[in-house]
Amino acid sequence: MSHSSQPQAKPTIVLVGHGMVGQRFLEALAAEGVTARARVVVLCEEPRPAYDRVQLTSYFSGVTPEQLSMTDEAFLAEHGVELHLGDPAETVDRAARTVTARSGRTFRYDTLVLATGSYPFVPPVPGRDSAGCFVYRTIEDLLAIEEFAKDATSGVVVGGGLLGLEAAGALKGLGVRAHIVEFNARLMALQVDDGGGSALRRKIEDMGLTVHTGVGGKEITANADGAVTGMVLSDGSTLDTDMVIFSAGVRPRDQLARDCGLEVGERGGVVVDARCRTSDPAVYAIGECAKAVDGMVYGLVAPGYEMAEAAAAAIAGTAAGEGFTGADTSTKLKLLGVDVASFGDAHGTAEGCLDVIYADSRAGVYKKLVIAPDGALLGGVLVGDADAYGLLRPLTGSVPPVAPESLVLPAGAGAPAQLGPSALPDDAVVCSCHNVTKGTIRAAVTEHRCGTVPEVKTCTKAGTGCGSCVKVLGQLVDAELTAQGIEVDPGLCACFGQTRQELYEIVLALRLTSFQQLLDGHGRPEARGGEGCEVCKPAVASIIASLAPTIGAGAYVLDGEQAALQDTNDHHLANLQRNGSYSIVPRVPGGEISPEKLIVIGQVARDFGLYTKITGGQRIDLFGARVDQLPQIWARLVDAGFESGHAYGKALRTVKSCVGQTWCRYGVQDSVKMAIDLELRYRGLRAPHKLKSAVSGCQRECAEAQSKDFGVIATAGGWNLYVGGNGGATPRHGDLLAQDLSDAELVRLIDRFLMFYIRTADRLERTSVWLERIEGGLDHVRDVVVHDSLGICAELEAMMAEHVAGYRDEWAETLADPERLRRFVSFVNAPDAPDPSVRFVPERDQNKPDLDILAGPDLPVRTLEGAPLS
Amino acid sequence: MTDVLTPNAPAATTTATGTARVEVRTGGVWAAVCAVDHLVPGRGVAALLPDGGQIALFLDRTGTVHAIGNRDPFTGAYVLSRGLLGSVDGAPFVASPLLKQRFDLASGHCLDDDTVTVPAYATRVR
Ligand code: SRM
Ligand SMILES: Cc1cc2nc3c(=O)[nH]c(=O)nc-3n(C[C@H](O)[C@H](O)[C@H](O)COP(=O)(O)OP(=O)(O)OC[C@H]3O[C@@H](n4cnc5c(N)ncnc54)[C@H](O)[C@@H]3O)c2cc1C
Ligand code: SF4
Ligand code: FES
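Residues numbered from 1 in each chain as written. Chains lettered and ligands numbered in written order. Predicted model: local features only at pLDDT ≥ 70, side-chain atom pairs only at ≥ 80, totals over all residues. Heavy atoms only, no water.

Caption draft 1: How the structure looks around the side chain of S514(A). All names here are of chain A. Tracing the backbone through its elements, the reader meets S514 in the loop between α15 (500–510) and α16 (515–522). Here the side chain of S514 touches Q516 through a polar contact of 3.2 Å, landing on its backbone nitrogen. In this structure the side chain of S514 is engaged in a polar contact, spanning 3.0 Å, whose partner is the backbone nitrogen of Q517. (Helix = DSSP H or I, 4+ residues; strand = E, 2+ residues; numbered from the N terminus. Polar contact = N/O pair within 3.5 Å; in protein donor to acceptor, adjacent residues only side chain to side chain.)

Caption draft 2: Molecular detail of the site of ligand 3. Every residue near ligand 3 is listed here: C658(A), V659(A), G660(A), C664(A), Y666(A), G667(A), G697(A), C698(A), R700(A), E701(A) and C702(A). A class-by-class count of the residues in the shell around ligand 3 yields 6 nonpolar, 3 polar and 2 charged. (Near = heavy atom within 4 Å. Nonpolar A, V, L, I, M, F, W, Y, C, P; charged D, E, K, R; others polar.)

Caption draft 3: Up close: helix α22 (residues 671–682) of chain A. All names here are of chain A. Along its 12 residues, α22 runs 16 Å from first to last C-alpha, staying within 8% of the 16 Å computed at 1.5 Å per residue. The set of residues buried in α22 consists of S671, V672, M674, A675, I676, L678, E679 and Y682. Note on α22: the residue one or two positions beyond its end, G684, has a positive phi of about 80°. (Expected span 1.5 Å × (residues − 1). Buried < 20%, exposed > 50% of the residue type's maximum accessible area, 1.4 Å probe, protein only.)

Caption draft 4: Looking closely at the sheet that holds strand β33 (residues 691–696) of chain A. Residues and elements named next belong to chain A. The strand order across the open sheet formed by 5 strands is β32-β33-β34-β35-β36, and the pairing between neighbours is mixed. Both edges of this open sheet fall to β32 (652–657) and β36 (735–741), since each of them pairs with a single strand only. Strand-to-strand twist of the sheet, defined as the mean angle between neighbouring strand axes without regard to direction, takes the value 15°. Looking at chain direction, strand β35 (residues 718–723) and β36 are connected through 4 bridges and run antiparallel. The residue bridging W719 from the neighbouring strand is L741, located in β36. Across the sheet, helix α6 (residues 162–173) lies against β34 (710–715), β35 and β36, angled at about 65° from β36, the strand it touches most. (Pairing = 2+ DSSP bridges. Axes fitted to C-alpha atoms, helices over the stretch in contact; angles between N-to-C directions. Contact = heavy atoms within 4.5 Å.)

Caption draft 5: Structural context of helix α9 (residues 301–316) of chain A. Residues and elements named next belong to chain A. Over its 16 residues, α9 extends 22 Å from the first C-alpha to the last, a length consistent with the 22 Å expected when each residue adds 1.5 Å. Along α9, 14 of the 16 residues are buried, which leaves the element largely enclosed by surrounding structure. Within two residues after α9, G317 carries a phi angle of roughly 80°, on the positive side.

Caption draft 6: Region of the structure containing the packing of helix α12 (residues 438–446) of chain A against helix α14 (residues 470–483) of chain A. Residues and elements named next belong to chain A. Running from amino to carboxyl end, α12 crosses α14 at an angle of 50°, the nearest separation of the two axes being 10 Å. Taken as axis vectors, α12 and α14 run oblique relative to one another. Along this stretch, α12 crosses α14, giving a crossing that reads as right-handed. Contact residues: α12 offers K438, I441, R442, V445 and T446, while α14 offers L473, L476, V477, E480 and L481. Here the contact of α12 with α14 is composed, by residue class, of 6 nonpolar, 1 polar and 3 charged. (Parallel < 35°, antiparallel > 145°, perpendicular 65-115°, else oblique. Left-handed = near helix turned anticlockwise from the far one by under 90°.)

Caption draft 7: Focus on the packing of aromatic side chains. All names here are of chain A. The tally for this structure, following the rule as stated, stands at 13 aromatic pairs over all chains. A ring pair is formed by Y682 and F710, whose centres lie 5.8 Å apart and whose planes are at 85°; its orientation type is edge-to-face. Here F710 lies in strand β34 and Y682 lies in helix α22, a separation of 28 residues in the sequence. Grouping residues by exposure puts Y682 and F710 together as buried. Each ring, one from Y757 and one from W770, has its centre 5.4 Å from the other, and the planes form 70°; the classification is edge-to-face. Residue Y757 is located in helix α23 (residues 743–760), and its partner W770 is located in helix α24 (residues 767–773); the two are separated by 13 residues in the primary sequence. Overall, Y757 belongs to the buried group, its relative accessible area being 0%. (Phe/Tyr/Trp six-rings, centres within 6.5 Å; stacked < 30°, edge-to-face > 60°.)

Purely geometric numbers; function is a separate question.
Shown next as structure tokens:
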């Protein structure tokens, strides 16, 4: 670099601040190849490297700090970045070109980049330093809030903007009664107008938050220990509270720049040009600490990213174009349960513009579009239903291809054909967090051969920021694949051209109880009259079983033709093991078991020589039973009050529990009882894949409920319901579906959720995959099961009620019927002969399969562990 | 067991009636195995041969009985009788219950690996 006084050494770039924008700057430097020829030093004030601040609140729904991280050792090592954690820059000497950090270390720089972000503004109210006062900006802030909230019952959030609402939602999730105090006359004053503000307020109040607008905090009162006890408002009233979170706006962190004499704006922000250079050409400023050429200090991440790219290009000497001259300030609220979005000229400040407004105060929906005289869409506000946001934002600036009214009218209110993503021009920015256009997304599919949304995300970064564009992204990827003629046959198997969901609808509508009827009437022509196959038979068996009470099929899954359809395990109501023996898993609801029942399990296992193991599902598996022993074993178990645990079925497995309030000092609800109730309610329910659940008695989550298909976590106010969690090879944390539910609300919501999943999922599609795949994702599922947007909730509940009423233990039923018992023989022509190939050898005081006896004349060409050898 | 035939299944063929017996040809002779009504249409059962060998018997929806060796050559376990019966282009097969490889019921050929075959037996019902 030209300013270097030591031309022989590598030039040094010092970055102050390792936040979102700082990290993006490092990535841009690396992409420009600068890291290969310069030394890069990063001073980071926080104790951890850059993380996703935009998703900060997701920490409270279970996302870990590690998951929020935006960088890793490998990136830093590969590009030789020297990162100093917990060591902020304290002074800059521009004449000497040095930065001194708190640790006392001094670094010479050729180029200095400030990316110090913002600090939360705390209004100067008396008492603001009391214990229990917080800001909401860093992971450390959240950890402190979480710890404090354990002993708090009520909290006040000062500020009703985007962040304030997020913070209030988080407090509520922590079981704290939350108040929002907003000085302006409406919530989110920056983004929404009056109409939107009142719709939003209704929504927020419906969620149980208390809103005070048009008042400010005057004083915070504290007790003798200096802990918050309340807040006096500007109208003289008081709120009793244990904690206060200030979220009254942010201010650029420009102190370092001020101290070294760089030009700063009147209201703060380091003044920069379009290349992000400050008044000193060796110093750049990017992100929230900078005041851009358009005079704006942006508080959003997307403009910061653009500045990071502009600065990196300038430093690399590759700058082209006009640099950073301004940005869009669209936002979508990530707060649970309320849809709020604003984009473009939301307040209609452009000359001669017109509003198109749709409002339904009863439903809390308010939508406004701002249209220019020439018909171009300028911006808008969406409250209560922000579905159209993903499409409207990229259309901003152009004349929409359909009449503006049709863009805001709800479906079913005479709205004409919905606008699809095909209407977007190629240069429309679909992902504003990463500035990705529709053209780039299409190219990812056509040129880079991405065939799925996750692949496109990795390839383009689209959708990896706030996530609000993912829906449109999915539609674009589908449209592009279809356009390319990459038509995947959606059919279930070689026998059926329909999907599982379509077959479900056919079976339901025609009340078909026979597989052969379904195959002969609706199968592919070449498969009609045949046997079906190993794919469709169990899938149809599961559909018929799920719908049994509704379509009038027998409740017993092995009656009549159904017996022939079931997978091997279901056919013997046990799990086939590698040597042809079976394992037995009695149901232990919630994992709670009496000593007497434990003793019975022990006796049965001992008497039949079964290997016993505590499973990962909080119950006990008994291995090594011959098929002819199954009825004898189950006779003993049923006698002792055990039932089938359906370990063999695509059905409810276990509802795990933690010990909960009854014993645990932290528990806030009876998690064991709830787990037992849920397990007994849904036992025997056949589904597209297995279903697992868990109930934890508090936020500590000892039952790991967030890794379950439906997981329940107790709160002070009731239960939080998470859905779509998964362990297995691709673990996924569940998404929070609803908060603070009463027992009855919880059960009703799970009823609907499960029945909707059963109705619409593909074969062998766990809830996690289904939730990711289904159009509209979690929002759609929430609309359907919480807001009843399809009007099917009553039907779903009725179907579940029928299931619950019709449940009977499969093993008890089997034992009661000699005809049914006939299948439990090793040999049809020698019912009393045991299978000689099922043998065992001892290991650690128990039995294990004798595999030597199975290694007969044919050497196995494929092993249980491995792929084909050929 | 005729009650398990669904209403629209072809009327029981002349070969598969309640009292008729299934015979399997092994070692050059026909060996009687069991009554046809011990078989469940669309599923299999295991049977012991006079020499102690194990076979898997299947009854398809046309009433035809098929027999192949019960040993799954991929795992060594004697479990093929517990697999699911299916058909491709009208030809019946069984999918092993362990690792799901399919075996043609007429020839014993593995449809997923042409180097593997299990014994197939001629059957008759009388
Ligand atoms: C017995 C047990 C292991 C143990 O000794 O602890 C077990 C055993 C099997 N698991 Fe599991 N899983 C067992 C708990 C789990 C858990 C833990 C849990 O439930 O909390 C998980 C992760 C949680 C989850 O499912 O999300 C788990 C994730 C799987 C998966 C991966 C599922 C996925 O969505 O990726 C499979 C494969 C599959 O189902 O396709 C699987 C499949 C199997 C199969 C069925 C494999 C097979 O086809 O033979 C094993 C059969 C056992 C048998 O024959 O009895 N098992 N398995 C556990 C039985 C729990 C119970 O009481 O019912
Ligand atoms: C809860 C929350 C939700 C948000 N939601 C959205 C959203 O939905 N959409 C959106 O666009 N934006 C959102 N934002 C704003 C977004 O996070 C910021 O715009 C973005 O983080 C700005 O990046 P930055 O790098 O400029 O600042 P930051 O990410 O704040 O990083 C600055 C870093 O510099 C460090 N630092 C400061 N001074 C020094 C020093 N002297 N020496 C060393 N280090 C220093 C700070 O500790 C900090 O780590 C949200 C913010 C919060 C807090
Ligand atoms: S989740 Fe909470 S209540 Fe349950 S055992 Fe753990 S700490 Fe106790
Ligand atoms: S718009 Fe935020 S991730 Fe795409």
